[in-house]
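# Coordinate analysis (summary)
Residues per chain, in single letters:
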Amino acid sequence: MRKYTLLIGLLITITSLSYAQAPHPGSLKLTNQNWVDGIVDINSFINSAIVTTDDERQLTYHASMIQEITTVDECDRQRTFRTFDYRSNGFFDRMEKKVFQVVSDGSVTLLRRVFEYDIFDAEDEYTVEEWYYVEEGKVERIRNFRRQVLPLMADYAKEMKEFRRLNKLRNLNNDVSMYLMVSYYNRLRSLEEQSLLSQR
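The notes below deal with the structure included here. (Residues numbered from 1 in each chain as written. Predicted model: local features only at pLDDT ≥ 70, side-chain atom pairs only at ≥ 80, totals over all residues. Heavy atoms only, no water.)

### Remarks on the overall build of the chain
As a reminder of what qualifies: Helix and strand definitions follow DSSP, with helices as H or I runs of at least four residues and strands as E runs of at least two, each counted in order from the N terminus. The buried label goes to any residue with under 20% of its type's maximum accessible area, the exposed label to any with over 50%, and the partly exposed label to all in between, with areas taken from a 1.4 Å probe on protein chains only. Using a 1.4 Å probe, accessible areas were evaluated by the Shrake-Rupley method; residue-level cover was limited to the displayed protein chains.
For the chain, the count of helices and strands is four helices and ten strands. When the elements of the chain are put in sequence order from the N terminus, they spell out α-β-β-β-β-β-β-β-β-β-β-α-α-α. Looking at the 200 residues of the chain, the share that counts as buried comes to 38%. Per element, the accessible surface of the chain, about 12,500 Å² overall, is 49% carbon and sulfur.

### A word on the pattern of salt bridges
Where we set the bar: Any Lys or Arg side-chain nitrogen located within 4 Å of an Asp or Glu carboxyl oxygen qualifies as a salt bridge.
Per the stated rule, a full pass over the model turns up 13 salt bridges. A salt bridge links D105 to R82, with the shortest nitrogen-to-oxygen separation between them at 3.1 Å. With D105 in the loop between β7 (96-104) and β8 (109-118) and R82 in strand β6 (residues 78-86), the pair connects residues that are 23 residues apart, well separated along the chain. Of the residues examined, D105 reaches a relative accessible area of 43% and is grouped as partly exposed. Given a relative accessible area of 25%, R82 falls into the partly exposed group. Measuring nitrogen to oxygen at the nearest pair gives 3.6 Å for the salt bridge that ties R141 to E130. Of the two residues, R141 is situated in strand β10 (residues 138-141) and E130 in strand β9 (residues 125-135); the sequence distance between them amounts to eleven residues. According to the relative accessible area criterion, R141 is partly exposed, its value standing at 27%. Here the salt bridges share partners, and the residues they tie into one network are E68, R82 and D105.

### Describing the packing of aromatic side chains
For the record, the criterion: Working definition: a ring pair exists when centres of Phe, Tyr or Trp rings (six-membered ring for Trp) sit within 6.5 Å. Plane angles under 30 degrees give stacked, over 60 give edge-to-face, the rest tilted.
One pass over the full model with this rule turns up seven aromatic pairs. Considering the side-chain rings of Y86 and Y132, the 5.2 Å spacing of their centres and the 80 degrees angle between planes classify their relative orientation as edge-to-face. Here Y86, found in strand β6, pairs with Y132, found in strand β9; they are 46 residues apart in sequence, far enough to count as distant. Judged by relative accessible area, which is 7%, Y86 ranks as buried. Aromatic pair F100 and Y132: ring centres 5.0 Å apart, planes at 85 degrees, arrangement edge-to-face. With F100 in strand β7 and Y132 in strand β9, the pair connects residues that are 32 residues apart, well separated along the chain. Residue classification places F100 among the buried residues on the basis of a relative accessible area of 0%.

### Considering the nonpolar core
One recurring pattern in soluble globular proteins: nonpolar side chains tend to sit buried together. Cut-off, in case you're wondering: Throughout this description, the term nonpolar core refers to a set of buried Ala, Val, Leu, Ile, Met, Phe, Trp, Tyr and Cys residues connected via side-chain atoms within 4.5 Å. In this analysis, two residues are considered to be in contact whenever any of their non-hydrogen atoms come within 4.5 Å of each other.
Membership of the largest hydrophobic core comes to 22 residues, with the highest contact counts inside it found for I142, F145, V149 and M160. The set of elements that each furnish at least two residues to this core consists of β9, α3 (157-166) and α4 (175-198). With eight residues, the single largest contributor to this core is α4. Once you skip the residues sitting within four places of it in the chain, I142 turns out to touch L110, W131, Y132, Y133, Q148, V149 and M178. Counting residues in hydrophobic clusters, the runner-up holds 13 residues, among them L28, V40, I66 and V99.

### Considering α4
Worth spelling out the cut-off: One less than the number of residues in a helix, times 1.5 Å, gives the span that helix is expected to have. Any N or O atom pair separated by 3.5 Å or less is treated as a polar contact, with the protein-specific requirement of one donor-capable and one acceptor-capable atom, and with residues adjacent in sequence counted only for side-chain atom pairs.
In this model, α4 (24 residues) spans 35 Å end to end at C-alpha, consistent with the 34 Å of a helix rising 1.5 Å per residue. What α4 keeps buried is the set S177, M178, Y179, L180, M181, V182, S183, Y184, Y185, N186 and L188. For α4, the N-terminal cap is N174; the gap from its side-chain oxygen to the backbone nitrogen of V176 is 2.8 Å.

Next up, the structure:
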């Protein structure tokens, strides 16, 4: 029953991932420990968060000024964004603070960034998602989940293999598979830590 309940919760979260970049009410905790409230719009291209306050001012904060962002959508789902030092392989990119959504937090931290593109002469936009993980305090982009992230779950290799089989997770580079695998592993580690604490 516990596994079933966990999976239902994970699936509910998955359905909301595609909307995580839309503007939502939220709060910014700045590096100077001040807080800013309003409608938060995160723009990965300019690496900033734009906050529309109650008095209709638009305030732009670069990632270097932000410590954490919390937003809440229409269904009361809370999302957390944090800033990490990161540099891509792009020629013009540089090492600096960037805003990432924390998709799953725990022994393995799973992150993502969403880039929205306007299509010339079209009404719609399309989005590109990039997924990352944190290892020893360093953010790495996920290009091959099996080789990069799965080895971090070696202490529960048997359980993860069974979870993958039961849920038919064939393509581990799929965003749903990555989210389910990391979240389930973090849950196993959390239960282990709770068990150890209860024995003290």
